[in-house]
Amino acid sequence: MTDQSMTSEAPAQGRGKPVAERAGIPVGLKRAALLIGLIIAIALPFMVKNFTIFQLTTVMIYAIAILGLNLLTGFNGQFSLGHSTFIAIGAYTTAILMEFGGFGFYATLPLAALFCFIVGFLFGLPALRLESIYLALATFALAVATPQLLKSAPFEPWTGGVQGLLVFKPEAPFGIPLNSDQWMYFVTLVIGLVLAFFAVNLVGSRTGRAMMAIRDNPIAARAMGINIALYKTTTFGVSAAYAGIAGSLSAVVVQFVAPDSFTFVLAIGLFVGLVIGGVGSIPGALFGGAFLVYVPNIAEELSKGLAGAAYGAILLLVIYLMPAGAAGLVRAIVMKVLNRRA
Amino acid sequence: MELFAHQILSGLATGGIYACMALAIVMIYQAIHHLNFAQGEMAMFSTFIAWQLIEWGFPYWIAFFLTIAISFVGGVVIERTVFKPLHRAPVLAHIVAFIALFAIFNSLAGFIWDFTIKSFPTPFGQQSLFGSGLISAHDTGMIVVTLVLLGLLFLFFRHTRIGLAMRAAASNPDSARLVGVRVGWMIALGWGMAAAIGAVAGMLIAPVVFLEPNMMLAILIYGFAGAVVGGLISPGGAVIGGFAVGVVENLAGTYVPVVGQEMKLTIALALIVAVLMFKPTGLFGARLVTRV
């Protein structure tokens with residue numbers, strides 16, 4: 001499992017062109033898609049039921065975490081099957097600060113991000129020594145250990161043990177006529193957009209190019225004077241901070257944190273979302289999030305007893321149909337249409 | 001002191017389980033250079049097949065070998081149908097396919113045989129060996145079978161043409177193809193063997209942990225731990241790693257007060273991380289040197 005074989009073929013095409021053109025889809029088309037998407041995103045919460053709004057918010061929260069994972073795996077080539085841990089840390093940071101520190105939710109958000117950044121950075125240090133599959137396992141170990149640690153006696157006074165903690169959902173401030181579900185939807189949307197904007201710029205910057213150089217060929221990257229250790233650990237930190245923000249948001253949206261919400265199943269789910277959405281694609285994260293929220297429900301409806309098998313079958317089917325993820329499929333279709341016209 | 005000896009022995013007994021699983025993991029890792037997350041569920045499914053055969057009235061040993069044969073064929077079929085089409089897909093897609101297989105087997109087993117816990121017979125008997133109360137006959141049998149399996153694998157890979165071909169296909173597919181090794185089938189063979197070893201592991205483990213669709217999850221994680229501690233590429237290392245994990249888990253559970261029973265899993269994982277920190281390729285692994 002070498003670093004080269006891991007990345008899909010996507011970034012290879014069009015090297016040397018300006019950054020915006022690399023993906024192959026013209027910038028104008030991308031902007032138009034973004035605009036239409038935004039209009040739909042703003043209009044949706046006024047047209048659907050509260051439960052659907054809650055689901056859409058969850059999609060965006062997953063998308064934020066997947067985006068973080070994508071920065072790490074897709075752009076820096078480091079595996080993680082342990083991002084549920086950082087979501088848990090973010091969620092518990094918010095819950096504990098609100099419960100015991102009397103903090104408001106908005107004040108806890110940057111603290112959760114910062115704390116996750118630090119933990120992620122520190123975990124990135126031992127991760128430096130591990131390559132591909134070993135790193136995947138070490139992070140997987142982290143994911144498996146997390147619920148046990150949260151339940152364990154030394155942490156129980158703070159984490160509430162198995163029972164977890166209740167969290168209050170903030171209402172819309174300043175008398176804005178939105179219910180709390182709609183309000184949290186918009187809060188998540190804005191935070192998600194900011195984070196996506198940050199990710200796009202990060203990837204397009206000198207730092208982003210260094211990250212990708214390390215992914216594609218660490219030895220050549222080092223020869224070019226890139227400080228591999230610094231970039232890798234920082235990317236780990238940033239990625240963990242994204243997951244932490246997602247965790248913090250999920251704590252207030254679900255209004256509850258408990259150890260069993262953060263099992264390795266969540267970590268594997270994020271990984272699946274990353275691959276399904278498209279490794280190395282920023283908009284793909286949204287698709288990955290939607291997959292995580294809706295496909296298990298679809299599988300459940302196909303067959304109650306065989307929900308797991310149906311989920312697995314759908315997963316296999318998706319992998320066959322689009323091995324480069326949803327983003328790869330969209331890119332291929334758009335390119336085909338454009339080429340035919342030209 | 002007696003407690004200590006007892007814990008070591010019972011650690012070795014559980015270690016035998018992990019060693020068996022680690023062996024299966026290393027087998028598949030050698031063939032395809034991926035970790036198969038569905039390995040445990042495949043082993044569980046095989047064990048259910050054995051259970052079904054015994055329910056239908058087959059004698060234990062016939063069911064045992066029949067299950068091994070079925071699992072071998074099943075492993076080959078899975079490789080040919082599920083993974084061969086994904087040959088050119090990125091590695092991350094393969095891992096997702098493993099996850100899909102995991103979900104499918106778990107759900108199917110629950111659907112066919114339901115989630116109630118079943119007991120599974122042991123061919124060795126549950127009585128204590130030599131009346132010492134330290135280690136049961138089944139545990140001993142399990143360790144012996146694991147060691148025999150290891151010996152057979154060693155002979156197979158070292159002294160048969162097909163074993164040599166499999167090693168060649170794994171270490172350098174392109175060159176192997178040039179000298180006439182059918183690499184695709186060698187990979188399928190690796191899957192079949194891994195499934196068969198998994199079936200043996202499952203059937204030996206089931207009398208201890210009881211048979212149910214989720215029986216393998218913790219064992220798979222310990223198996224991974226054993227395989228990683230051993231270095232992933234060495235079958236002997238995997239067996240030693242498996243035993244080491246079992247012993248460390250038991251000792252920590254007994255002597256470190258905070259750990260107790262429910263934190264045992266965390267200990268095994270701390271062990272993985274600790275070993276990887278000091279020896280990033282495991283105790284018996286070799287560092288891959290790449291040419292630039």
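All values reported here derive from a predicted model rather than from experimental measurement.

## Side note on the overall build of chain A
And then number 1: Counting secondary structure elements, chain A contains 15 helices and two strands.
And then number 2: Relative to its length of 342 residues, chain A is compact, with a C-alpha radius of gyration of 20 Å against a globular reference of 20 Å.
And then number 3: Here the C-alpha coordinates of chain A stretch approximately 55 × 50 × 45 Å along the principal axes.
And then number 4: The buried share of chain A, taken over its 342 residues, is 50%.
And then number 5: For chain A, restricting intrachain contacts to residue pairs at least 6 apart in sequence, the fraction spanning at least 24 positions comes to 78%.

## Re the overall build of chain B
And then number 1: Check the secondary structure of chain B and you find 11 helices and zero strands.
And then number 2: Along chain B, helices and strands appear, N-terminal first, in the series α-α-α-α-α-α-α-α-α-α-α.
And then number 3: Going through the 292 residues of chain B one by one, you find that 51% of them count as buried.
And then number 4: When contacts within chain B are restricted to residue pairs at least 6 apart in sequence, those whose partners lie at least 24 apart make up 73%.

## Quick look at the confidence of the model for chain B
When pLDDT is low, close inspection of the predicted coordinates is not appropriate.
Residues and elements named next belong to chain B.
And then number 1: Overall, the prediction assigns chain B a mean pLDDT of 81, with 89% of residues at 70 or greater.
And then number 2: Per-residue pLDDT, averaged within each element of chain B, yields its smallest value for helix α11 (residues 264–278) (74) and its largest for helix α3 (residues 60–83) (90).
And then number 3: Among the scores for the predicted complex, ipTM is 0.76 and pTM is 0.80.

## Details of the confidence of the model for chain A
Residues and elements named next belong to chain A.
And then number 1: Summarising the model, chain A shows a mean pLDDT of 80, and 92% of its residues fall at 70 or more.
And then number 2: At the level of individual helices and strands, chain A shows its lowest average pLDDT in helix α1 (residues 3–6), which scores 41, and its highest in helix α11 (residues 228–254), which scores 88.
And then number 3: Segment residues 1–21: pLDDT under 50, and 37 contacts once partners within four positions in sequence are set aside and those in other chains are kept.

## A few points about the environment of Phe 37 of chain B
Residues and elements named next belong to chain B.
And then number 1: Take Phe 37: it is sitting in the loop between α1 (2–32) and α2 (39–55).
And then number 2: Considered as a pair, Phe 37 and Ala 170 are 133 residues apart in the sequence and their alpha carbons are 19 Å apart.
And then number 3: Among residues more than four places away in sequence, those in contact with Phe 37 are Phe 98, Ile 99 and Phe 102.

## Quick word on unusual backbone geometry
Excluding glycine, most residues fall at negative phi; most peptide bonds, likewise, are trans.
And then number 1: Although it is not a glycine, Gln 255 of chain A adopts a positive phi angle of roughly 65 degrees.
And then number 2: Among the structural elements, Gln 255 of chain A can be located in the loop between α11 and β2 (256–257).
And then number 3: The exposure class of Gln 255 of chain A is partly exposed, given the 15 C-beta atoms found within 10 Å.
And then number 4: With a phi close to 70 degrees, Phe 210 of chain B is a non-glycine residue in the positive phi region.
And then number 5: Considering the arrangement of structural elements, one finds Phe 210 of chain B in the loop between α8 (183–209) and α9 (216–230).
And then number 6: Exposure remark for Phe 210 of chain B: the 12 C-beta atoms within 10 Å place this residue in the exposed category.

## Side note on the interface of chain B and chain A
Buried accessible area, meaning the area lost when the parts come together, often serves as the stated size of an interface.
And then number 1: Across the contact, 37 residues belong to chain B and 37 residues belong to chain A.
And then number 2: If you list the elements that add at least two residues to the side of chain B that touches chain A, you get α4 (91–113), α9 and α11 of chain B.
And then number 3: The element contributing the most residues to the side of chain B that touches chain A is α4 of chain B, with 14 residues.
And then number 4: Residues of the side of chain B that touches chain A, tallied by class, amount to 31 nonpolar, five polar and one charged.

## Topic: the environment of Val 239 of chain B
Residue and element names in this part refer to chain B.
And then number 1: Relative to the elements of secondary structure, Val 239 occurs in helix α10 (residues 235–255).
And then number 2: For Val 239 and Met 21, which are 218 residues apart along the polypeptide, the C-alpha to C-alpha distance reads 8.7 Å.
And then number 3: Excluding its chain neighbours within four sequence positions, the residues that come into contact with Val 239 are Ala 19, Ala 22, Leu 23, Thr 146 and Leu 150.

## Observations concerning α4 of chain B
Residues and elements named next belong to chain B.
And then number 1: Helix length check: α4 (23 residues) gives 33 Å between terminal C-alpha atoms against 33 Å at 1.5 Å per residue, within 8%.
And then number 2: By the criterion of burial, α4 is predominantly enclosed, with 18 of the 23 residues buried.
And then number 3: Phi for Asp 114, located one or two positions after α4, is positive at around 55 degrees.

## Concerning the packing of α2 of chain B against α9 of chain B
Residue and element names in this part refer to chain B.
And then number 1: Here α2 crosses α9 at 130 degrees, and the two axes come no closer than 9 Å. On the basis of their axis angle, the class for α2 and α9 is oblique. Crossing geometry of α2 relative to α9 is assigned as right-handed. Residues Gln 39, Gly 40, Glu 41, Ala 43 and Met 44 of α2 form the contact with α9, whose own contacting residues are Met 216, Leu 217, Ile 219 and Leu 220.
And then number 2: Residues of the contact of α2 with α9, tallied by class, amount to six nonpolar, two polar and one charged.

Definitions and limits used
Residues numbered from 1 in each chain as written. Chains lettered and ligands numbered in written order. Predicted model: local features only at pLDDT ≥ 70, side-chain atom pairs only at ≥ 80, totals over all residues. Helix = DSSP H or I, 4+ residues; strand = E, 2+ residues; numbered from the N terminus. Rg over C-alpha atoms; globule rule 2.2 N^0.38 Å. Buried ≥ 20, exposed ≤ 12 C-beta atoms within 10 Å, placed from the backbone. Contact = placed C-beta atoms within 7 Å. pLDDT = per-residue confidence, 0-100. Nonpolar A, V, L, I, M, F, W, Y, C, P; charged D, E, K, R; others polar. Expected span 1.5 Å × (residues − 1). Axes fitted to C-alpha atoms, helices over the stretch in contact; angles between N-to-C directions. Parallel < 35°, antiparallel > 145°, perpendicular 65-115°, else oblique. Left-handed = near helix turned anticlockwise from the far one by under 90°.

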